[in-house]
Amino acid sequence: MDFGSSPADEEFRAEVRDWLHAHVPHAAGRRAWERTLGAGGWIGLGWPQDGYGNRTATLTQQVAWAEEYARSEAPARSGHIGENLLAPTLLAHGTARQKSRFLPPIAAGDELWCQGYSEPGAGSDLAGVRTRAQRADDGRSYRVTGQKIWTSLAHEADWCFVLARTDPQSRRHHGLTFLLLPMDQPGRIEVRPIRQLTGTSDFNEVFFDGALARAEHVVGAEGDGWRVAMSLLGFERGVSTLAQQIGFAAELARVVRTAVETGAADDPVTRERLVRLWAELRTMRWNALRTLGGSGGPGAPSVAKLLWAGWHQRLGEAAMQVRGAAAGVGPTDWSPASPYELDDAQHLFLFSRADTVYGGSDQIQRTIIAERVLGLPRQPKG
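Cut-offs used in this document
Residues numbered from 1 in each chain as written. Predicted model: local features only at pLDDT ≥ 70, side-chain atom pairs only at ≥ 80, totals over all residues. Heavy atoms only, no water. Helix = DSSP H or I, 4+ residues; strand = E, 2+ residues; numbered from the N terminus. Buried < 20%, exposed > 50% of the residue type's maximum accessible area, 1.4 Å probe, protein only. Phe/Tyr/Trp six-rings, centres within 6.5 Å; stacked < 30°, edge-to-face > 60°. Lys NZ or Arg CZ within 6 Å of the ring centre and 35° of its normal.

Points about the environment of Gln 244
Thinking step 1. You can see Gln 244 is positioned in helix H7 (residues 239–262).
Thinking step 2. Relative accessible area serves as the criterion here: at 24%, Gln 244 is assigned to the partly exposed category.
Thinking step 3. C-alpha of Gln 244 to C-alpha of Trp 308: the two residues are 64 residues apart in sequence and 9.3 Å apart in space.

Below, the structure is given as structure tokens:
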């Protein structure tokens, strides 16, 4: 695709840069920042229509926004799941009532969402869902029973979109339903943060008590959840990939600076490793631009995930290598109240271990490419 910037695009980029310069906080709660973005109309730029309190932007303008956002070192987003996953799904499959109910609060930054997909024992095998939903006596709502795991930001979310099995006799991708469920149900929904190697808890376990946990909204039709869920996964990797690569470039630059400072760059093997990381990152950028218009085919999201996940892990390993023995020492002394703290390089190394697992493991991505792109025989499933 032609990815040249027009004068209108450059004007838009300048507006974005000025707004971010004026509004990016030095310290603020993530929810407060979402509302600031919403007040500016910056949530929902990629939606195919406005009218929900959002602006709309062309594809090149969306890329400009994402790149400038990353360069500004603005706070990490907590509303991206609602904005980039649920909202496009509602626009494609939701009713007019669902759109008018849920899209304005997302655009305003008032309601945050989490995604109830992964389950213990199923991992990235989405068709292995065992969470069940049964119609309640009122005939309108569902009683939801089960457990989700690795649920990002569930501890902050107001709502969760949940894939649940509504036909108890069904198997695999049949008999699933896509439900919208409020998280504020005390005694009915329990959220347990998962402490990670980094000491933080971005992921959670979520437990639904079937006697009490209720969901009233179905996207699509009962039993049509697999089609809706697959549609949502198609929205998961797009313009945000380019913004992610801006962050990757900044991380790589820090690793290179450290290599020069420590003398690790004097080693030809280390230099070759760093140059390879740089070249691979450039290749990922051009691949992202090539597929941005949807021209990459059904395997494009899986290829992109495989590329960046492995690359980011290798970058984390390089960040430790160029530090030498100092990589094993934290920035502060140990204490009972704070068992350990991590600097940026150590956090990169430890957190990137999860890159090849979350969002669909490498094994799942390779299976998708093999079956849907290369036409190889399908993997037997129980």
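Structural notes on the packing of aromatic side chains
Thinking step 1. Going through the model one piece at a time under the given rule, you end up with 17 aromatic pairs.
Thinking step 2. An angle of 70° between the planes, with centres 6.4 Å apart, marks the rings of Trp 47 and Tyr 52 as edge-to-face. Across the pair, exposure class does not vary: Trp 47 and Tyr 52 are buried alike.
Thinking step 3. Their ring planes at 45° and their centres at 6.2 Å tell us that Phe 248 and Trp 308 sit as a pair that is tilted. Here Trp 308 lies in helix H9 (residues 300–321) and Phe 248 lies in helix H7, a separation of 60 residues in the sequence. Residue Phe 248 shares its accessibility class with Trp 308, and that shared class is buried.
Thinking step 4. A cation sits over an aromatic face here: Arg 55 above Trp 42, 3.7 Å from the ring centre.
Thinking step 5. When the ring centre of Phe 207 is taken as origin, the NZ or CZ atom of Arg 192, which lies over that ring, is 4.2 Å away.

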